[in-house]
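Chain by chain, the residues:
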Amino acid sequence: MADLVSDATRKSFAALGSVTAVIPARNEAGAIAAVVAAARELVTEVIVVDDGSSDDTAARAAAAGARVVRIAPGRGKGNALRTGVTAAQGQTIVMLDGDGQDDPQDLPRLLERLAAGADPVVGTRFVAAVDRNAIAPLDRVGNRLLTALLNLLYGVKLTDTQAGFRAISRALWQSLPLTAQGFEIETEVLVRALQAGANVQEVAVGRRPRHHGERVLHRVRDGLAILGCMVRLRVS
Ligand SMILES: Nc1nc2c(ncn2[C@@H]2O[C@H](COP(=O)(O)OP(=O)(O)OP(=O)(O)O)[C@@H](O)[C@H]2O)c(=O)[nH]1
Ligand SMILES: [Mg+2]
């Protein structure tokens with residue numbers, strides 16, 4: 001992993017101060033150790049927010065070197081991420097999923113873009129070619145629809161509004177009025193950042209198939225919550 005980081009990247013990392021990776025994980029015992037180990041190669045601090053896992057997620061994350069924050073179960077990914085950032089010590093935050101679907105090797109490119117002045121940097125899974133099995137056709141369609149609607153509502157031209165793989169300065173995150181409990185957090189951060197006039201930029205990231213555990217996301221329930229969030233923040 002270390003040879004992925006060029007001298008230029010190391011320099012740009014320095015400009016970002018300390019970096020904390022915040023990783024939400026619920027029942028990701030099969031994947032979490034590898035995600036934590038890869039992230040630890042690249043950032044100063046790794047926090048795993050475990051929201052009521054019934055498996056070994058917390059123990060494996062800790063053994064791999066993460067600081068584990070355990071919270072009461074049932075609130076969702078948004079609550080987990082917000083709790084994780086509150087606990088983070090880094091001036092820069094990167095977020096990636098604990099299920100192994102995000103490729104930590106993309107992290108330096110996200111951070112480089114942040115160092116170049118973008119904030120937040122949002123991963124997009126629909127620019128570079130990704131494994132065909134990584135995103136189900138129905139999810140692709142849902143993603144396209146949500147992204148098209150967000151673009152229409154907010155006058156932007158993004159390609160993936162739902163990726164959880166992102167980098168953001170802690171200062172910007174803390175300035176945004178974030179309340180999302182579940183998967184609508186990605187939309188809320190994006191919209192609030194746009195409304196604040198932030199320099200939102202996308203960087204192409206990969207996407208790997210899920211090899212362990214089960215998805216937490218529920219297409220209809222969470223899709224509607226995301227849609228509702230998008231519209232509510234536009235009209236309120
Ligand atoms: N702590 C915590 N983590 C969560 C919660 N919901 C989701 N996550 C984590 O957030 C990450 C993304 O969740 P997934 O269900 O894989 O959703 P997704 O990756 O957007 O959708 P898929 O493409 O189906 O995998 C995973 O690491 C989950 O374990 C939650 O309520 N609490
Ligand atoms: Mg996933």
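Scroll up to find the structure.
Residues numbered from 1 in each chain as written. Chains lettered and ligands numbered in written order. Predicted model: local features only at pLDDT ≥ 70, side-chain atom pairs only at ≥ 80, totals over all residues. Heavy atoms only, no water.

Let us look at the overall build of the protein chain. Secondary structure assignment for the protein chain yields nine helices and seven strands. At 16 Å, the protein chain has a C-alpha radius of gyration in line with the 18 Å of a compact globule built from 236 residues. Each principal axis of the C-alpha atoms in the protein chain carries an extent, and together these give about 45 × 40 × 35 Å. Relative to its full complement of 236 residues, the protein chain shows a buried share of 53%. (Helix = DSSP H or I, 4+ residues; strand = E, 2+ residues; numbered from the N terminus. Rg over C-alpha atoms; globule rule 2.2 N^0.38 Å. Buried < 20%, exposed > 50% of the residue type's maximum accessible area, 1.4 Å probe, protein only.)

Moving on to the environment of Asn-27. Along the chain, the position of Asn-27 falls in the loop between β1 (19–25) and α2 (32–40). You can call Asn-27 partly exposed: its relative accessible area is 28%. Between the C-alpha atom of Asn-27 and that of Gly-52, which follows or precedes it by 25 residues, the distance is 8.0 Å. Among the polar contacts listed, one links the side chain of Asn-27 to the backbone nitrogen of Ser-54, at a separation of 2.6 Å. (Polar contact = N/O pair within 3.5 Å; in protein donor to acceptor, adjacent residues only side chain to side chain.)

Below, the discussion takes up helix α5 (residues 107–115). Along α5, the positions that sit buried rather than exposed are Leu-107, Pro-108, Leu-110, Leu-111 and Leu-114. Burial along α5 is one-sided: seen end-on, the buried residues are contained in an arc of 160 degrees. The positive-phi residue at the C-terminal boundary of α5 is Gly-117, with phi of around 125 degrees. (Arc of directions from axis to C-beta.)

A word on the sheet that holds strand β7 (residues 201–204). Here seven strands make up an open sheet; going across it, the order is β3-β2-β1-β4-β6-β5-β7 and the pairing mixed. Each edge of the open sheet carries a strand with a single partner, namely β3 (67–71) and β7. The mean inter-strand angle of the sheet, taken between neighbouring strand axes irrespective of direction, is 25 degrees. Across six bridges, the pairing between β1 and strand β2 (residues 45–51) is parallel. (Pairing = 2+ DSSP bridges. Axes fitted to C-alpha atoms, helices over the stretch in contact; angles between N-to-C directions.)

Turning our attention to the site of ligand 1. Neighbouring ligand 1 are 19 residues, the closest being Glu-28, Asp-99, Gln-101, Arg-215 and Val-216. A distance of 3.3 Å is found between a nitrogen atom of ligand 1 and a backbone nitrogen or oxygen belonging to Ala-25. Residue Arg-207 places a side-chain N or O atom 2.8 Å away from an oxygen atom belonging to ligand 1. Relative to its unbound accessible surface of 630 Å², ligand 1 loses 93% to contact with the protein. For the shell around ligand 1, the elements supplying multiple residues, two or more each, are β1, β2 and α4 (77–87). Within the shell around ligand 1, the residues separate by chemical class into seven nonpolar, three polar and nine charged. (Near = heavy atom within 4 Å. Areas by Shrake-Rupley, 256 points an atom, 1.4 Å probe, with all protein chains shown as cover. Nonpolar A, V, L, I, M, F, W, Y, C, P; charged D, E, K, R; others polar.)

A word on the coordination of the magnesium ion (ligand 2). Listed as protein donors to the magnesium ion (ligand 2) are Asp-99 (OD) and Gln-101 (OE1); their distances from the metal cover 2.0 Å. Of the two residues, Asp-99 and Gln-101, both sit in the buried class. (Donors = N, O, S within 2.8 Å, 3.2 Å for Na, K, Ca; no water.)

This part covers the nonpolar core. With 34 residues, the main nonpolar core has Met-95, Ile-168 and Trp-173 as its most contacted residues. Listed by contribution, the elements that provide at least two residues to this core are β2, β3, α4, β4 (92–95), α6 (137–154), α7 (170–175), α8 (185–195) and α9 (219–235). If one sorts the elements of this core by residue count, α8 sits on top with five residues. Dropping the residues within four chain positions of it, Ile-168 is found in contact with Thr-92, Ile-93, Met-95, Leu-114, Asp-119, Pro-120, Trp-173, Leu-176 and Val-189. Residues Ala-21, Leu-42, Leu-111 and Val-203 belong to the second largest nonpolar core, which totals 29 residues. (Core = buried A, V, L, I, M, F, W, Y, C linked by side-chain atoms within 4.5 Å. Contact = heavy atoms within 4.5 Å.)

By the criterion of burial, α4 is predominantly enclosed, with eight of the 11 residues buried. Packed against the buried residues of α4 are β1, β2, β3, β4, α7 and α8.

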